[in-house]
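What follows is the residue order along each chain.
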Amino acid sequence: MNSIVAPNVKRIIKQKCLKQSAVATRAGYTPNQFCSMMKGRKIIKDIDIMNIAIALGVDANELFKKEE
């Protein structure tokens, strides 16, 4: 799951000019937990997808889109 989700999360954070730590807090994670997810050290679970999508203000499907 991490292979496509983490890069999409990073892309959306950059597009929206957000800070990763702010997104982490809004999603209910510490910055270290969120960083571990983004680097693939912690598995991103279904509930994490929903929390991150809400924190980013996007539909969860956005986190699964392939780059064209």
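Predicted, not measured: the structure shown is a model, and the values here were computed from it.

*Asks:* Tell me about a nonpolar patch on the surface, and name the residues and values.
*Replies:* A contiguous nonpolar patch, built from Ile 47, Met 50 and Ile 54 and spanning about 320 Å² of accessible area, is present on the exposed surface. Mapped onto the fold, Met 50 is located in helix α4 (residues 46–56). Look at Met 50 and you get partly exposed, because its relative accessible area is 41%.

*Asks:* Report on α4, specifying residues and quantitative values.
*Replies:* Within the sequence span of α4, burial applies to Asp 48, Ile 49, Ile 52, Ala 53, Ala 55 and Leu 56. The buried residues of α4 all sit within an arc of 160° when viewed along its axis, so they share a single face. Turned more than 90 degrees from where α4 packs its buried face, Asp 46, Ile 47 and Ile 54 sit exposed.

*Asks:* Please set out the nonpolar core residue by residue, giving values where relevant.
*Replies:* Counting 21 residues, the largest nonpolar core has Val 9, Phe 34, Met 38, Ile 52, Leu 56 and Leu 63 as the members making the most contacts within it. Put simply, the parts of the chain that give this core at least two residues each are α1 (2–15), α2 (20–27), α3 (31–38) and α4. Excluding anything up to four places from it in sequence, Val 9 contacts Phe 34, Met 38, Ile 52, Leu 56 and Leu 63.

*Asks:* Lay out unusual backbone geometry with the relevant residues and their values.
*Replies:* Of note, Cys 17 is a non-glycine position whose phi angle comes to about 55°, a positive value. On the secondary structure map, Cys 17 appears in the loop between α1 and α2.

*Asks:* Let's hear about the side chain of Asp 48: which residues, and what values?
*Replies:* Structurally, the position occupied by Asp 48 is in helix α4. Among buried charged residues, Asp 48 stands out as having no salt bridge; its nearest opposite-charge side chain is Lys 42, 4.0 Å away. With sequence-adjacent residues up to four places away left out, Asp 48 is seen in contact with Tyr 29, Met 37, Lys 42 and Ile 43.

What counts, and at which threshold
- Residues numbered from 1 in each chain as written.
- Predicted model: local features only at pLDDT ≥ 70, side-chain atom pairs only at ≥ 80, totals over all residues.
- Heavy atoms only, no water.
- Patch = residues over 30% accessible without salt bridge, like charges linked within 9 Å, V, L, I, M, F, W, Y side chains within 5 Å.
- Areas by Shrake-Rupley, 256 points an atom, 1.4 Å probe, with all protein chains shown as cover.
- Salt bridge = Lys/Arg side-chain N within 4 Å of Asp/Glu carboxyl O.
- Helix = DSSP H or I, 4+ residues; strand = E, 2+ residues; numbered from the N terminus.
- Buried < 20%, exposed > 50% of the residue type's maximum accessible area, 1.4 Å probe, protein only.
- Arc of directions from axis to C-beta.
- Core = buried A, V, L, I, M, F, W, Y, C linked by side-chain atoms within 4.5 Å.
- Contact = heavy atoms within 4.5 Å.
- Lys, Arg positive; Asp, Glu negative; His and termini not counted.

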